Amino acid sequence: MLKELSVNFGNFLLSLSDAIDLASSQIASHQMRTAFIAWQIAKAASLSKERIENIFIASLFHDIGALSLEDKIKIHKFEEVNPETHCILGEALFDSTPLFAPAKKIVRYHHRPCHLWGSIVASPDAIDSQILYLADYLERKINRNQFILHQVDDLNDKITSVSGNLINDDIVNLFMEISCREDFWLDLSSSRLYSILLHSGPFRRSEIDYDNLFSIAALFRNTIDFKSRFTATHSTGVAECAVMLSRLFGLTDNEVKQIEIAGYFHDLGKFAVPNSILEKPDKLTKDEYAVIRQHTYFTYSVLNTIGGLDHISEWAAFHHEKLDGSGYPFHAGSDKINTGARIMAASDIFTAIAEDRPYRKGMEREKIETILKNQVEHKALDKKIVNLLIENFEEISSQVKEKQLVSREIFEMKFATIKHNPHRFNGAHNA
Ligand SMILES: [Fe+2]
Ligand SMILES: [Fe+2]
Ligand SMILES: [Fe+2]
């Protein structure tokens, strides 16, 4: 029997923010550094605790709507022609999660310049979004290869030059008060920023309950899956298959709940894989395959360092391990692969081969069964679990497809439409 989860909320948020930005050294910790700046300004403005927390959450995930690594880098370098798209997608993602929903407007308007706020320029929505605007703008102007204190004058000039036009004067003034402190800049550029925010930042003493953990995991499931049309329902399918197999296997309700979360998170490390590789129609090169293979390592390191998610991190991250030790990244072998991880591995293969991929169509039952049996023969998958899957094929397959259909509709109706036509959504979202 598993004990109830005990997870620090601050650590959970910081780790997930980091996960999104681990994709490239060019954007590493961008959202966390932005959150630090925004948090400092919000404190200097003496905003309420609730507003400070919302600004912090919005900042930690403000670019969550930039689904591909390529988009993230373009936005970071001020190259994105239309930054609205990722703001609208970000708002839609935040809206699906009760703990994040109060911060959705800040994400929606984090690229809206001051002069476009018009008569409501002093409203809380405008102020909170403008704090994030400044923080994000500043973070992207910092040269990461130069000592930070040597850049302060130049950065101050860059911010004052857009005061009153892009950024509200009052917020620029608050920033200038903070900017005279060396500790602000040294914390911001410190490799220990994660620890600093963990021990001194908002949420340092709060725990996250199961329902909120679940809903944030579902938000991440969509963010990971919606990176590509081909994987748009993958984690939904894997989680559902794993839940059904766990019940059939006789795991406890508590274990089944945690395996669902593990299914949502299993490909978390795919934030580190560019879409050009994920969607490549041809065979991957050895080097490209190496980039793919790091995803389960990152899934493990992000989840495991949060603390309190031991089973979830292992069940999520071991889905490419094989019983004969030839899997990756741990080469764990049968004595180290427990039941939850075996279920996840079978669920991942079952779901993946039934789905369309850029290089092939989804497979039919006969072919799927042949592949699964083959994997058992080659000591990759667990025999008992594969037999359970085959014995209950119809029921599992139809339940998985039903869940995937719901995710597919959300993806097509909301995300694919917004991505290709953001202006259709602009009017309805004006503050
Ligand atoms: Fe952004
Ligand atoms: Fe950003
Ligand atoms: Fe995977």
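Residues numbered from 1 in each chain as written. Chains lettered and ligands numbered in written order. Predicted model: local features only at pLDDT ≥ 70, side-chain atom pairs only at ≥ 80, totals over all residues.

**Concerning the overall build of the protein**
Piece 1. Looking only at helices and strands, one finds 22 helices and two strands in the protein.
Piece 2. Taking the principal axes of its C-alpha atoms as reference, the protein extends roughly 65 × 45 × 40 Å.
Piece 3. Across the protein, every contact between residues at least 6 apart in sequence was considered, and the portion connecting residues at least 24 apart equals 70%. (Helix = DSSP H or I, 4+ residues; strand = E, 2+ residues; numbered from the N terminus. Contact = placed C-beta atoms within 7 Å.)

**Quick look at the packing of helix H12 (residues 210–225) against helix H13 (residues 234–249)**
Piece 1. Where H12 contacts H13, the axes come no closer than 8 Å and their chain directions differ by 130°. Taken together, the axis directions place H12 and H13 in an arrangement best described as oblique. Contacts between H12 and H13 involve Arg221, Ile224 and Asp225 from the former and His234, Ser235 and Thr236 from the latter.
Piece 2. Its residues assigned to classes, the contact of H12 with H13 comprises one nonpolar, three polar and two charged. (Axes fitted to C-alpha atoms, helices over the stretch in contact; angles between N-to-C directions. Parallel < 35°, antiparallel > 145°, perpendicular 65-115°, else oblique. Nonpolar A, V, L, I, M, F, W, Y, C, P; charged D, E, K, R; others polar.)

**Brief notes about helix H2 (residues 30–44)**
Piece 1. Compared with an ideal rise of 1.5 Å per residue, which puts 15 residues at 21 Å, H2 spans 21 Å between its outermost C-alpha atoms and is within 8% of the ideal.
Piece 2. Directly beyond the C-terminal end of H2, a positive phi value near 55° is found at Ser46. (Expected span 1.5 Å × (residues − 1).)

**Observations concerning the domain arrangement of the protein**
Piece 1. For the protein, the domain assignment lists domain 1 (7–207) and domain 2 (210–418).
Piece 2. Its C-alpha centre places domain 1 at a distance of 32 Å from the equivalent point of domain 2.
Piece 3. The interface of domain 1 with domain 2 comprises 26 residues on the first partner and 25 residues on the second.
Piece 4. Where the side of domain 1 that touches domain 2 is concerned, the elements lending two or more residues are strand E1 (7–8), helix H1 (9–21), helix H4 (69–76) and helix H5 (84–95).
Piece 5. Tallying contributions element by element places H1 first for the side of domain 1 that touches domain 2, with seven residues. (Domains from an automatic or database assignment.)

**A look at the environment of Leu138**
Piece 1. Structurally, the position occupied by Leu138 is in helix H7 (residues 124–141).
Piece 2. Here Leu138 falls in the buried class, since 22 other C-beta atoms lie within 10 Å of it.
Piece 3. Each C-alpha atom, one on Leu138 and one on Lys158, is 8.3 Å from the other, the two residues being 20 residues apart in sequence. (Buried ≥ 20, exposed ≤ 12 C-beta atoms within 10 Å, placed from the backbone.)

**Section: the nonpolar core**
One broad trend across soluble globular proteins is that nonpolar side chains are buried collectively.
Piece 1. Formed by 114 residues in total, the largest nonpolar core has its most connected members in Ala38, Ile41, Ile55, Ile131, Leu134, Phe265 and Ala346.
Piece 2. Here this core takes nine residues from H7, the largest share from any one element.
Piece 3. Counting only domains with at least three residues in this core, you end up with domain 1 (7–207) and domain 2 (210–418).
Piece 4. The contact partners of Ala38, leaving out residues within four places of it in the chain, are Ile55, Phe56, Ser59, Ile131, Leu132 and Ala135. (Core = buried A, V, L, I, M, F, W, Y, C linked by C-beta atoms within 7 Å.)

**Brief notes about the packing of H12 against helix H14 (residues 253–265)**
Piece 1. Contact geometry of H12 with H14 gives a least axis separation of 8 Å together with a crossing angle of 25°. In terms of orientation, H12 lies roughly parallel with respect to H14. Handedness of the H12/H14 crossing: left-handed. Together, Leu213, Phe214, Ala217, Ala218, Phe220 and Arg221 of H12 and Ile261, Tyr264 and Phe265 of H14 make up the contact between the two elements. (Left-handed = near helix turned anticlockwise from the far one by under 90°.)

**Topic: the environment of Ala218**
Piece 1. You can see Ala218 is positioned in helix H12.
Piece 2. On the basis of neighbour count, Ala218 is assigned to the partly exposed category, with 19 C-beta atoms found within 10 Å.
Piece 3. When the C-alpha atoms of Ala218 and Thr236 are compared, they prove to be 8.7 Å apart, with 18 residues separating the residues in sequence.

**Considering helix H17 (residues 295–304)**
Piece 1. Restricting attention to buried positions, one finds in H17 the residues His295, Thr296, Phe298, Thr299, Val302 and Leu303. Down the axis of H17, the sector holding all buried residues measures 155°, keeping them to one side.
Piece 2. Among the structural elements, H1, H14, helix H16 (286–293) and helix H18 (310–317) are those in contact with the buried residues of H17. (Arc of directions from axis to C-beta.)

**Overview of unusual backbone geometry**
Piece 1. Of note, the bond from Tyr328 into Pro329 is cis; its omega dihedral lies within 30 degrees of zero at 5°.
Piece 2. Relative to the elements of secondary structure, Pro329 occurs in the loop between H18 and helix H19 (339–354).
Piece 3. Despite not being glycine, Phe203 shows a phi value in the positive range, around 70°.
Piece 4. Following the sequence through the fold, Phe203 ends up in the loop between helix H11 (193–200) and strand E2 (207–208).
Piece 5. You can call Phe203 partly exposed: it has 19 C-beta atoms within 10 Å.

**Here's the deal with the environment of His76**
Piece 1. Summarising the element assignment, His76 is placed in helix H4.
Piece 2. Of the residues examined, His76 has 19 C-beta atoms within 10 Å and is grouped as partly exposed.
Piece 3. For His76 and Phe393, which are 317 residues apart along the polypeptide, the C-alpha to C-alpha distance reads 46 Å.

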